[in-house]
Amino acid sequence: MSLSKSEEELMNIIWKQRKAFMKDLLDAYPDPKPATTTVATLLKRMIDKGYVAYKSFGRSREYYPLVKKQDYFSKQVKGLIKNFFNDSPSQFASFFTKETDLSKEELESLRTLIDDQIKKK
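Note that this is a predicted model, so its numbers are computed, not measured.

**Student:** Help me out: how do you make sense of the overall build of the chain in this one?
**Tutor:** Of regular secondary structure, the chain possesses 6 helices and 3 strands. In sequence order, the chain lays out its α and β elements as α-β-α-α-β-β-α-α-α. Taking 14 Å as the expected radius of gyration for a compact globule of 121 residues, we find that the chain reaches 19 Å, considerably beyond that expectation. When its C-alpha atoms are laid out on the principal axes, the chain stretches across 55 × 30 × 25 Å. In the chain, the proportion of contacts linking residues at least 24 apart, taken out of those at least 6 apart, comes to 46%. Of the roughly 9,300 Å² of accessible surface on the chain, a fraction of 54% belongs to carbon and sulfur atoms. Of the charged side chains in the chain, 23 are positive and 17 negative; the average position of the first set lies 7 Å away from that of the second.

**Student:** When you look at the packing of helix H1 (residues 5–17) against helix H4 (residues 69–84) in this model, what are you seeing that I'm missing?
**Tutor:** Across the interface, H1 lies against H4 with an axial gap of 11 Å and an inter-helix angle of 150°. Contact residues: H1 offers Glu8, Asn12 and Trp15, while H4 offers Lys69, Tyr72 and Gln76. Of the residues contributing to the contact of H1 with H4, the split by class is 2 nonpolar, 2 polar and 2 charged.

**Student:** Please clarify how the packing of aromatic side chains should be interpreted in this entry.
**Tutor:** We describe a pair of aromatic rings using the distance from one ring centre to the other and the angle between the two ring planes. In total, this model carries 7 aromatic pairs according to the counting rule given. Ring geometry for tyrosine 51 against tyrosine 72: centres 5.7 Å apart, planes inclined by 85°, an arrangement best described as edge-to-face. One end of the pair, tyrosine 51, is in the loop between helix H3 (36–48) and strand S2 (52–57); the other, tyrosine 72, is in helix H4, and 21 residues separate them in sequence. Of the two residues examined, tyrosine 51 and tyrosine 72, each falls in the buried class.

**Student:** Help me out: how do you make sense of the side chain of glutamate 7 in this one?
**Tutor:** Here glutamate 7 is to be found in helix H1. Exposure remark for glutamate 7: the relative accessible area of 1% places this residue in the buried category. A polar contact is formed between the side chain of glutamate 7 and the backbone nitrogen of serine 4, at a distance of 2.8 Å. Only 2.7 Å separates the side chain of glutamate 7 from the side chain of lysine 49, close enough to count as a polar contact. Setting aside anything within four residues of it in sequence, one finds glutamate 7 in contact with Ser2, Leu42, Arg45, Met46 and Lys49.

Criteria and thresholds
Residues numbered from 1 in each chain as written. Predicted model: local features only at pLDDT ≥ 70, side-chain atom pairs only at ≥ 80, totals over all residues. Heavy atoms only, no water. Helix = DSSP H or I, 4+ residues; strand = E, 2+ residues; numbered from the N terminus. Rg over C-alpha atoms; globule rule 2.2 N^0.38 Å. Contact = heavy atoms within 4.5 Å. Areas by Shrake-Rupley, 256 points an atom, 1.4 Å probe, with all protein chains shown as cover. Lys, Arg positive; Asp, Glu negative; His and termini not counted. Charge placed at Lys NZ, Arg CZ, Asp CG, Glu CD. Axes fitted to C-alpha atoms, helices over the stretch in contact; angles between N-to-C directions. Nonpolar A, V, L, I, M, F, W, Y, C, P; charged D, E, K, R; others polar. Phe/Tyr/Trp six-rings, centres within 6.5 Å; stacked < 30°, edge-to-face > 60°. Buried < 20%, exposed > 50% of the residue type's maximum accessible area, 1.4 Å probe, protein only. Polar contact = N/O pair within 3.5 Å; in protein donor to acceptor, adjacent residues only side chain to side chain.

Bear in mind that shape data such as this cannot, by itself, settle questions of function.
Below is the structure:
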């Protein structure tokens, strides 16, 4: 199950802070800050989806991620490639390099990354 845009925004805050109480989460949002009830609702949905858990300290809860950011991002990219590029990483790479207006230096950097991965195989 993936996260909504609002949930992803909150998840990024949780990943950055590693552990956080409600006050910490609210403080991390830019102005205008969401209502406490809105963040509480997002947290409940994220807990139900298995992305976040918490430890209780009296009446307070300290939230922490159950999923690593890299794992989530990897799954999202794989889903994107599967759903929009016929499960073809080559089609995705072709689209990415043509449509993102990369500079020559950025393309050369990508080539180096790809060459390094080929050497590891």
